[in-house]
Each structure stands twice: as structure tokens, then as C-alpha cells.
Amino acid sequence: MSVPTPCPRRPPRSPVVLRGGQWWLVGRAGSVPASDPTFTAALDDFAQAMAAADRAVADLRSRQSEPSVPDPGDRR
């Protein structure tokens, strides 16, 4: 199992959490480790996609906070 960038939190509305590189299924009665390689690979892919989306949103927000520079070709 490849270990994705650690998530600081549980994915939204999800019964799984990544702890110490191991996926765990979390329920009212407790937690059990996820051991199915196909399932954990899908969770890894999802975590990587969420991390990439978080980085893209942070990048967009940082661009929005920068002062806009007028386009030199824009002559109004």
C-alpha cells in the first residue's frame, strides 16, 4: 500500500480515517483496520485527489489575494 500525504482530518462524511499510514474503518462500536488492498488503494487515490484539490484551492485563494495587475494590452 502506498501511503498518501497524511490527511489532518477524516474525509468529510466518511467512516474512514488515516492513522499512522493505516486506514481504519470507524463506527459507533469502535474502529477496525481496513485490510483489503483494492479498497485501501481506492482510499489512497481518494486522499491524493483531495490533497491535490486542497492545494489547488489554496493556490486560487492566494492568487485572489494578490493585487491585480492591469493588462498592458488593454486600452480602454
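Residues numbered from 1 in each chain as written. Predicted model: local features only at pLDDT ≥ 70, side-chain atom pairs only at ≥ 80, totals over all residues. Heavy atoms only, no water.

A. The overall build of the protein, seen in detail. The number of helices and strands found in the protein is 1 helix and 3 strands. Secondary structure of the protein in N-to-C order comes out as β-β-β-α. A burial count over the protein gives 17% of its 76 residues as buried. Once local pairs closer than 6 in sequence are excluded, the contacts in the protein between residues at least 24 apart make up 25%. Approximately 6,100 Å² of the protein is accessible, and the part contributed by carbon and sulfur atoms is 56%. (Helix = DSSP H or I, 4+ residues; strand = E, 2+ residues; numbered from the N terminus. Buried < 20%, exposed > 50% of the residue type's maximum accessible area, 1.4 Å probe, protein only. Contact = heavy atoms within 4.5 Å. Areas by Shrake-Rupley, 256 points an atom, 1.4 Å probe, with all protein chains shown as cover.)

B. Local environment of the pairing of strand S3 (residues 30-33). Bridging between strand S2 (residues 22-27) and S3 involves 4 bridges; their strand directions are antiparallel. The residue bridging Gly 27 from the neighbouring strand is Gly 30, located in S3. Counting the residues between successive antiparallel strands, the hairpin from S2 to S3 contains 2 residues. (Pairing = 2+ DSSP bridges.)

C. Structural context of the pairing of S2. Both strand S1 (residues 16-19) and S2 contribute to a ladder of 4 bridges, which runs antiparallel. If you follow Val 17 over to S2, its bridge partner there is Trp 24. In sequence, S1 turns back onto S2 through a hairpin of 2 residues, with Gly 20 there showing a positive phi of about 60°.

D. Region of interest: the confidence of the model for the protein. Residues at a pLDDT of 70 or more form 72% of the protein, whose mean pLDDT is 81. Of all helices and strands in the protein, the one with the weakest mean pLDDT is S1 (89), whereas S3 scores best (93). Below a pLDDT of 50 lies the segment residues 1-8, which in the model reaches 16 contacts outside its immediate sequence neighbourhood of four places, other chains included. (pLDDT = per-residue confidence, 0-100.)

E. Main features of the pattern of salt bridges. All told, the structure shown has 1 salt bridge when counted by the stated rule. As a salt-bridge pair, Asp 59 and Arg 63 come within 3.0 Å of each other at their nearest N and O atoms. In this pair, Asp 59 and Arg 63 are both assigned in helix H1 (residues 37-65), 4 residues apart and thus about one turn of the helix distant. Judged by its relative accessible area of 52%, Arg 63 is exposed. (Salt bridge = Lys/Arg side-chain N within 4 Å of Asp/Glu carboxyl O.)

F. Spatial organisation of the nonpolar core. Formed by Val 16, Leu 18, Trp 23, Ala 34, Leu 43 and Ala 47, the largest nonpolar core amounts to 6 residues. When contributions to this core are tallied by element, the ones reaching two or more residues are S1 and H1. (Core = buried A, V, L, I, M, F, W, Y, C linked by side-chain atoms within 4.5 Å.)

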